[in-house]
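# Tertiary structure, described
Here is how the chains run, residue by residue.
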2 protein chains.
Amino acid sequence: MLGARGGWRALRRCSSLPRAVRLRVREALGAREPAEAVRVQGWVRSVRSQKEVLFLHINDGSSLESLQVVADPSLEKRDLTFGSAVEVQGKLVKSPHKMQNMELQAETIHVVGPCDIWSFPLKMRERHPLEYVRQFPHLRCRNNTLGALLRIRSEATASIHSFFQDNGYVHIHTPIITSNDCEGAGELFQIETSREEKESVEKSHFFNVPAFLTVSGQLHLEVMAGISYSEAVEILKQAPQTFTFKPEWGCDLQTEHEKYLVKHCGEVPVFVVNYPYDLKPFYMRDNEDGPQHTVAAVDLLVPGVGELCGGSLREERLPFLESRLQRLGLTDAYQWYLDLRKFGSVPHGGFGMGFERYLQYILGVDNIKDVIPFPRFSHSCLL
Amino acid sequence: MLGARGGWRALRRCSSLPRAVRLRVREALGAREPAEAVRVQGWVRSVRSQKEVLFLHINDGSSLESLQVVADPSLEKRDLTFGSAVEVQGKLVKSPHKMQNMELQAETIHVVGPCDIWSFPLKMRERHPLEYVRQFPHLRCRNNTLGALLRIRSEATASIHSFFQDNGYVHIHTPIITSNDCEGAGELFQIETSREEKESVEKSHFFNVPAFLTVSGQLHLEVMAGISYSEAVEILKQAPQTFTFKPEWGCDLQTEHEKYLVKHCGEVPVFVVNYPYDLKPFYMRDNEDGPQHTVAAVDLLVPGVGELCGGSLREERLPFLESRLQRLGLTDAYQWYLDLRKFGSVPHGGFGMGFERYLQYILGVDNIKDVIPFPRFSHSCLL
């Protein structure tokens, strides 16, 4: 196991050896008592060098507020700049300034990772607009606003999952690759191996059939609704992969469907229940009470952010569905969908929530790209 | 709002009007006292018609055990068969049989969804092997074993997420579409719009660059590690979309990498830390203490189920990475990766867990397809 030993030695080099008590910035700021021999790690947010004293502000992401470090000017070095990663060891003392509770009197300052400030796009004490930060997808989580948005996104994800789990739902990972064209939109991304891509004539597909990136997990959730009678409610787009990838190309999508929604959207959230027949997929129920040639659907619209969530009333009558599928030439492809209604079907329904639009709505963020860790849209697939 | 009213009327038709107290099968089985006027919904698991009495067993997915229903033979009807969905109303009474606590004395039995038993592939009182059930991806969640596996999968997902959330990690949704070839394997699925697919010459890509289905979120998590100094640990494959989709084509993958692992796998879990240089991506640290031409990595192998999780020790030295990328002709594509090391980099590491392999391991399931809701593999993309 010589190799293993070598690996462990390398591993050990990655971590710092324990010395003084390590505190996070939030813990240091909230400490009630002074403390000897603490160490704090973080990125330098500001450096102010005076004749008698060197001031630093460091932040490790645990708090929006930074910790003030007071040091002797002799500790200053060339690579102790804004943006560099440092480890400061010293004494935590009550701060004489009103603005903060505690400050760190540095004994040693170790620059863990220097920062080339001349080319670093984030600048000291500058409030960069979101449009500017968006240009640097690999660095934007170091920006306060983006960091906060990503944390809230994480918390919101966890809360939504907890809600469903606490209410007895089963979390299903719906597939990303599908051979269905669920919405009937016909505007899907096709998936091919590099080999297939080259041999454009007489293809043999990897999956035997043409495969696509799905735009919805709703048919798959409808299948899985059979796991439990009274949990037979679809959790559309709640399966994380659905609310994860949809925005990847949803950002600048202006489909007929969306235009229709926008047109019918007033000043307050409204429900739109009549959809033009041609814009909705085969499984939707005919709207018997409403205007002719419409299907039944429910959409909650929120002004400014477009559609927040939508649900549909599914057609359950087998003969009706059979004839509709036949007209569309889809009987073979959707035999499984007919089967679901043939073998002990139960009433069920669901709704879909646009997770990113929800985040925009609660946070007041104008551009959907700013609430997505790595947005993808036409002409852009950065990182 | 005539349309809306029509929609609500349709919605109301979907749900049953409240009558007797609705109990889940689990609640009925666990009841301490008899009760008048209860109703239970579920699928019929068995029908036994005797001269004097009709016995049903119904199950709604809330318990592995079914509830016995005792009824007058006059309540039997043609479509009251195995597999049908029913609502039974009646009295909950102490059962005279030792095997069960409570039973339901039916007053009415309503067949909500009949089942065509002649073509229904699941048969009454039969223990279908997993290989058989696998042929019916749209019905297999109605099978006890598959239903249980999916529930455990859901609980395991929630527990893993809770663990990371409780320990201060930020959950990042890494993208599914990427322009990177992270593992350097060159065996990615390419993504194209239908339009691109047709115009095989002189393409203009939707994303401007060729785009692929990613095989790993690790580089993206490395970017996001900058959100917090002490949370600067990558949660490889913990972002649900990574552990969601990877199995979609990982099932029968037998790469050089996997073969290497299998070869070095003994009778007990072992750590393999020396990888052949050519099999590992550019960012891995050279294994200075180990055999030559190897890179440092840690893999936890479990006999029988292959690799469970693996981590890597990242090369942090900028000049070293620069020269390696230059040799591979990747300097432009990975300038952002160099940037991460140029602007206040901190020591960080991570590991990846094969979520499906973990499920196989704890559940003793031989075939990975049985722990995935909708498995995708070569020659198969069902539903």
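Because the structure is a prediction, the values reported are computed rather than measured.

### Considerations on the overall build of chain A
Assigned secondary structure in chain A consists of 12 helices and 14 strands. Within chain A, buried positions represent 56% of all 383 residues. Partitioning the contacts of chain A with sequence separation of at least 6, the portion at a separation of at least 24 is 61%. Taken as a whole, chain A presents about 17,600 Å² of accessible surface, with 54% of it coming from carbon and sulfur.

### With respect to the pairing of strand S2 (residues 35–49) of chain B
Residues and elements named next belong to chain B. Where strand S1 (residues 21–23) meets S2, 3 bridges bridge the pair, whose relative direction is parallel. The partner of Arg 22 across the bridge, within S2, is Arg 39. A crossover links S1 with its parallel partner S2, the connecting element being helix H2 (residues 25–30), and its sense is right-handed. Where S2 and strand S5 (residues 85–94) come together, 7 bridges link them in antiparallel fashion. Within S5, the position partnered with Trp 43 by the bridge is Ala 85. Both S2 and strand S3 (residues 54–59) contribute to a ladder of 6 bridges, which runs antiparallel. Bridged to Ser 49 within S3 is Leu 54. The loop that links S2 with its antiparallel partner S3 comprises 4 residues.

### Considering the pattern of salt bridges
Residues and elements named next belong to chain A. All told, the structure shown has 12 salt bridges over all chains when counted by the stated rule. With its nearest N and O atoms 3.1 Å apart, the salt bridge here joins Arg 39 to Glu 87. Remark: Glu 87 occurs in strand S5 (residues 85–94) and Arg 39 occurs in strand S2 (residues 35–49); sequence separation between them is 48 residues. Neither residue differs from the other here; Arg 39 and Glu 87 are each classed as buried. It is possible to trace a salt-bridge network through shared partners that takes in Glu 131, Arg 134 and Asp 370.

### Here we look at the nonpolar core
Ranked by size, the top nonpolar core spans 31 residues in total, and within it Phe 120 of chain A together with Ile 172, Phe 282, Tyr 334, Trp 336 and Tyr 337 of chain B carry the most contacts. Grouped together as the second largest cluster of nonpolar side chains are 30 residues, Ile 227, Met 284 and Val 295 of chain A together with Leu 139 of chain B included.

### With respect to unusual backbone geometry
With the exception of glycine, the majority of residues adopt a negative phi angle, and the majority of peptide bonds are in the trans configuration. Positive phi, close to 70 degrees, is recorded for His 379 of chain A, a residue that is not glycine. In this structure, His 379 of chain A sits in the segment after helix H12 (355–363). Of note, Arg 125 of chain B is a non-glycine position whose phi angle comes to about 55 degrees, a positive value. Structurally, Arg 125 of chain B is set in the loop between strand S6 (102–113) and helix H3 (130–133). By relative accessible area, which is 60% here, Arg 125 of chain B ends up exposed.

### Examining the sheet that holds strand S9 (residues 211–213) of chain A
Strands sit in the order S7(A)-S9(A)-S8(A)-S8(B)-S9(B)-S7(B) across an open sheet of 6 strands; the sheet is antiparallel. Both outer strands of the open sheet, strand S7 (177–178) of chain A together with strand S7 (177–178) of chain B, are each paired with one neighbouring strand and no more.

### Some details on helix H12 (residues 355–363) of chain B
It helps to recall that an α-helix has 3.6 residues per turn; residues three or four apart then point in one direction. Among the residues making up H12 of chain B, those that are buried are Phe 355, Glu 356, Arg 357, Leu 359 and Gln 360 of chain B. Note on H12 of chain B: the residue one or two positions beyond its end, Gly 364 of chain B, has a positive phi of about 65 degrees.

### A look at a nonpolar patch on the surface
Residue and element names in this part refer to chain A. A cluster of nonpolar residues, Ile 152, Tyr 361 and Ile 362, forms a patch on the protein surface that exposes about 270 Å² of accessible area. For Tyr 361, the location among the structural elements is in helix H12. A relative accessible area of 45% places Tyr 361 in the partly exposed class.

### Considering the packing of aromatic side chains
Any pair of aromatic rings gets described here by the distance separating the centres and the angle formed by the planes. If you walk through the whole model with that rule in mind, you get 18 aromatic pairs over all chains. With a centroid separation of 6.1 Å and an interplanar angle of 45 degrees, the aromatic rings of Phe 82 of chain A and Phe 120 of chain A are classed as tilted. Placement of Phe 82 of chain A in the loop between strand S4 (67–71) and S5 and of Phe 120 of chain A in the loop between strand S6 (102–113) and helix H3 (130–133) is noted, with a sequence separation of 38 residues between them. The exposure class assigned to Phe 82 of chain A is buried, which follows from its relative accessible area of 12%. A connected cluster of aromatic rings, assembled from ring pairs, spans Phe 82 and Phe 120 of chain A together with Phe 343 of chain B. Taking the ring centre of Phe 320 of chain A as reference, the NZ or CZ of Arg 317 of chain A above it sits at 5.0 Å. Lying over the aromatic face of Phe 377 of chain B, Lys 369 of chain B brings its terminal NZ or CZ to 3.9 Å of the ring centre.

### What about the packing of helix H10 (residues 318–327) of chain B against helix H11 (residues 335–342) of chain B?
In a packed pair of helices, the relevant descriptors are the angle between the two axes and the axis-to-axis distance. Residues and elements named next belong to chain B. Packing of H10 against H11 brings their axes to within 10 Å, and their N-to-C directions diverge by 175 degrees. Viewed along their axes, H10 and H11 adopt a mutual orientation that is roughly antiparallel. Seen from H10, the contacting residues are Leu 318, Leu 321, Glu 322 and Leu 325; seen from H11, they are Tyr 337, Leu 338, Arg 341 and Lys 342. Looking at the contact of H10 with H11, its residues break down into 5 nonpolar, no polar and 3 charged.

### Digging into the side chain of Ser 62 of chain B
Residues and elements named next belong to chain B. With respect to the helices, strands and loops of the structure, Ser 62 is situated in the loop between S3 and strand S4 (67–71). Note on Ser 62: relative accessible area 10%, which makes it buried. Of note is the side chain of Ser 62, whose polar atom sits 3.5 Å from the backbone nitrogen of Val 25. Among the polar contacts made by the side chain of Ser 62, one reaches the side chain of Asp 60 at a distance of 2.6 Å. Apart from residues lying up to four places away in sequence, Ser 62 is in contact with Arg 24, Val 25 and Arg 26.

### Things to note about helix H4 (residues 144–166) of chain A
Residue and element names in this part refer to chain A. Taking 1.5 Å per residue, 23 residues should reach 33 Å; H4 reaches 33 Å between its end C-alpha atoms and fits that length. Regarding H4, the residues found buried are Leu 146, Gly 147, Leu 149, Leu 150, Arg 153, Ser 154, Ala 156, Thr 157, Ala 158, Ile 160 and Phe 164. With a side-chain oxygen positioned 3.0 Å from the backbone nitrogen of Thr 145, the residue opening H4 is Asn 143. Following H4 by one or two positions, Gly 168 adopts a phi angle in the positive range, close to 85 degrees.

The rules behind the values
- Residues numbered from 1 in each chain as written.
- Chains lettered and ligands numbered in written order.
- Predicted model: local features only at pLDDT ≥ 70, side-chain atom pairs only at ≥ 80, totals over all residues.
- Heavy atoms only, no water.
- Helix = DSSP H or I, 4+ residues; strand = E, 2+ residues; numbered from the N terminus.
- Buried < 20%, exposed > 50% of the residue type's maximum accessible area, 1.4 Å probe, protein only.
- Contact = heavy atoms within 4.5 Å.
- Areas by Shrake-Rupley, 256 points an atom, 1.4 Å probe, with all protein chains shown as cover.
- Pairing = 2+ DSSP bridges.
- Right-handed = clockwise from strand over helix to strand, strands pointing away.
- Salt bridge = Lys/Arg side-chain N within 4 Å of Asp/Glu carboxyl O.
- Core = buried A, V, L, I, M, F, W, Y, C linked by side-chain atoms within 4.5 Å.
- Patch = residues over 30% accessible without salt bridge, like charges linked within 9 Å, V, L, I, M, F, W, Y side chains within 5 Å.
- Phe/Tyr/Trp six-rings, centres within 6.5 Å; stacked < 30°, edge-to-face > 60°.
- Lys NZ or Arg CZ within 6 Å of the ring centre and 35° of its normal.
- Axes fitted to C-alpha atoms, helices over the stretch in contact; angles between N-to-C directions.
- Parallel < 35°, antiparallel > 145°, perpendicular 65-115°, else oblique.
- Nonpolar A, V, L, I, M, F, W, Y, C, P; charged D, E, K, R; others polar.
- Polar contact = N/O pair within 3.5 Å; in protein donor to acceptor, adjacent residues only side chain to side chain.
- Expected span 1.5 Å × (residues − 1).

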